[in-house]
Protein chains: 2
Amino acid sequence: MINKMYYEQIEEVTMMNEAVRRLKEKGVKVTPQRVAILEYIVKVNDHLTAEEIHNYVKSKFPSISMATVYSTLQKLIEIGEVEELSIKKRGEACFEPKSEGHHHLLCTSCGKILNIALDCPPDCPIIKQSLIKGCKVNEVQAYLYGLCPECLRKEKEEKAAKS
Amino acid sequence: MINKMYYEQIEEVTMMNEAVRRLKEKGVKVTPQRVAILEYIVKVNDHLTAEEIHNYVKSKFPSISMATVYSTLQKLIEIGEVEELSIKKRGEACFEPKSEGHHHLLCTSCGKILNIALDCPPDCPIIKQSLIKGCKVNEVQAYLYGLCPECLRKEKEEKAAKS
DNA sequence: CTAGCTGCAAAGGATTTGCACGACG
DNA sequence: CGTCGTGCAAATCCTTTGCAGCTAG
């Protein structure tokens with residue numbers, strides 16, 4: 001009953017939502033929990049862990065369980081709405097809205113993950129190419145390890161203070 | 001042929017001696033278990049899981065435990081002899097000898113991981129660059145998702161069979 | 001000697017699964 | 001109505017930790 005009320009609210013707000021339409025197109029059952037999860041991921045547009053997502057969605061559906069969050073994420077990945085990163089944030093998987101053309105920097109100092117758009121020459125192998133060394137390449141994810149601008153600044157300040 | 005094998009052995013032995021020297025230099029205690037682990041990783045020169053390593057080393061030291069394998073891997077990573085990949089093979093971490101200049105393809109069909117040397121133009125961001133978008137980049141790992149030559153061939157054959 | 005390593009068992013943490021109930025279509 | 005999603009709890013799997021005894025340097 002309560003679920004139904006929530007659903008009506010959400011449905012009003014998201015009727016026009018393109019993502020929801022795509023879910024329906026793909027034959028995935030649209031439930032308020034799923035909409036809330038996808039909505040949050042798209043809105044934040046950042047690298048969220050399952051727990052971060054769970055925490056947020058709990059504010060709307062206090063009874064939602066991690067199992068549902070994980071199974072929903074799985075579904076959203078399958079239908080290409082969400083992407084799971086290969087790198088982990090403090091040991092946890094990270095999820096973000098599916099989008100092409102950016103890569104990730106993992107700051108080795110603070111652990112933050114940043115989106116990085118790389119300017120590549122057209123013949124650069126980092127750009128999706130159909131064939132590399134006899135392999136059919138469908139996707140390229142580049143992970144850069146280093147320091148984010150903040151930590152880089154801190155490091156410089158520390159060096160300056162020492163000398 | 002025999003000569004070739006002989007020289008390869010010598011080469012391996014030399015590499016190990018150097019590796020052992022590096023361990024000592026870094027103040028890491030050299031134990032037979034550790035040598036066996038490093039030796040195996042260097043010899044195979046491929047992406048090994050902790051369990052694969054454990055299985056091999058058990059043949060030399062039947063009592064060795066996974067805890068020792070993991071702690072040794074940790075040490076070897078710390079001192080830069082071994083590298084842990086960001087991607088997992090069937091959910092398990094992968095380890096390989098540290099080396100620069102190659103990246104990895106994960107076959108989405110068979111799950112195999114292949115080394116891929118990418119030919120990049122000199123201004124390609126995939127090549128380690130000190131500064132990208134205000135970030136200090138120390139390392140770049142590119143992960144390609146697609147089909148290995150074998151699975152690509154199989155796919156083509158299946159398509160041909162259908163039509 | 002003695003700091004640090006090994007091996008066992010047990011803990012830890014992220015993710016998955018089985019199952020009963022309830023909701024979507 | 002039947003299929004499929006949800007939520008709970010328990011299970012699973014990889015990895016880490018605590019600790020007692022042992023070893024390399």
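Residues numbered from 1 in each chain as written. Chains lettered and ligands numbered in written order. Predicted model: local features only at pLDDT ≥ 70, side-chain atom pairs only at ≥ 80, totals over all residues. Heavy atoms only, no water.

J.: What is the right way to read the protein's contact with DNA strand C from this model?
T.: Of all residues adjacent to DNA strand C, which total 17 residues, the nearest are A:Tyr70, A:Ala93, B:Thr31, B:Ser63 and B:Ile64. Close to the protein, within 4 Å, the atoms of DNA strand C belong to sugar or phosphate groups at a rate of 83%. Between DNA strand C and B:Thr31 there is a distance of 2.8 Å, counted from a phosphate oxygen to a side-chain nitrogen or oxygen. The side chain of B:Arg34 places a nitrogen or oxygen atom 3.1 Å from a phosphate oxygen of DNA strand C. Secondary structure elements with two or more residues in the surface near DNA strand C: helix H5 (66-78) of chain A together with helix H2 (32-44) and helix H4 (66-78) of chain B. Residue composition of the surface near DNA strand C, grouped by class: six nonpolar, six polar and five charged. (Near = heavy atom within 4 Å. Polar contact = N/O pair within 3.5 Å; in protein donor to acceptor, adjacent residues only side chain to side chain. Helix = DSSP H or I, 4+ residues; strand = E, 2+ residues; numbered from the N terminus. Nonpolar A, V, L, I, M, F, W, Y, C, P; charged D, E, K, R; others polar.)

J.: For this particular structure, what's the right way to read the nonpolar core?
T.: General note: in soluble globular proteins, nonpolar side chains tend to be found buried as a group. Judged by nonpolar contacts, the single largest core of 28 residues is most densely connected at A:Leu105, A:Ile126, A:Leu144, B:Ile126 and B:Leu144. For this core, the elements supplying multiple residues, two or more each, are strand S4 (103-107), strand S5 (113-116), strand S7 (135-147) and helix H6 (149-162) of chain A together with strand S7 (135-147) of chain B. By residue number, the principal contributor to this core is S7(A), which donates six residues. Once residues lying within four places of it in the same chain are set aside, the contact partners of B:Ile126 are A:Ile126, B:His103, B:Leu118, B:Cys120, B:Val140 and B:Ala142. Counting residues in each nonpolar core, the second largest holds 24 residues, with A:Val28, A:Ala36, A:Leu48 and A:Ala93 among its members. (Core = buried A, V, L, I, M, F, W, Y, C linked by side-chain atoms within 4.5 Å. Buried < 20%, exposed > 50% of the residue type's maximum accessible area, 1.4 Å probe, protein only. Contact = heavy atoms within 4.5 Å.)

J.: When you look at the sheet that holds strand S1 (residues 48-49) of chain A in this model, what are you seeing that I'm missing?
T.: Strands in a sheet are paired, the pairing made by backbone hydrogen bonds, and the direction either parallel or antiparallel. All names here are of chain A. Spatially, the three strands line up as an open sheet ordered S1-S3-S2, and their pairing is antiparallel. Of all strands in the sheet, those bounded by a partner on one side alone are S1 and strand S2 (82-84). Pairing analysis gives three bridges linking S2 to strand S3 (residues 94-97), with the strands arranged antiparallel. Paired with Glu 83 across the strands is Glu 96, a residue of S3. (Pairing = 2+ DSSP bridges.)

J.: Please clarify how the relation of the copies chain A and chain B should be interpreted in this entry.
T.: Both copies of the chain are tied together by a single rotation about an axis and a shift running along it. Aligned on chain B, chain A shows an RMSD of 0.2 Å; the corresponding rotation is 180° and the shift along the axis is 0.1 Å. Such a turn and shift between the copies fits a two-fold axis. Closest to the rotation axis within chain A is the C-alpha of A:Ala142, separated from it by 2.1 Å. Here 100% of the interface residues in chain A have copies in chain B that are interface residues too; the copies meet face to matching face. (Least-squares fit on C-alpha atoms with pLDDT ≥ 70 in both.)

J.: Teacher, can you tell me more about the interface of chain A and chain B here?
T.: Where the parts come together, the accessible area they lose is often given as the size of the interface. Every contact between the two is made by 35 residues of chain A and, on the other side, 35 residues of chain B. Carbon and sulfur atoms make up 64% of the area that chain A and chain B hide from each other, which totals about 2700 Å². Looking only at chain A, the three residues that lose the most surface to chain B are A:Lys133, A:Lys136 and A:Tyr145, adding up to 20% of its buried area. Summed over the shared surface of chain A and chain B, the number is zero salt bridges. (Buried area = accessible area lost by both parts, 1.4 Å probe. Salt bridge = Lys/Arg side-chain N within 4 Å of Asp/Glu carboxyl O.)

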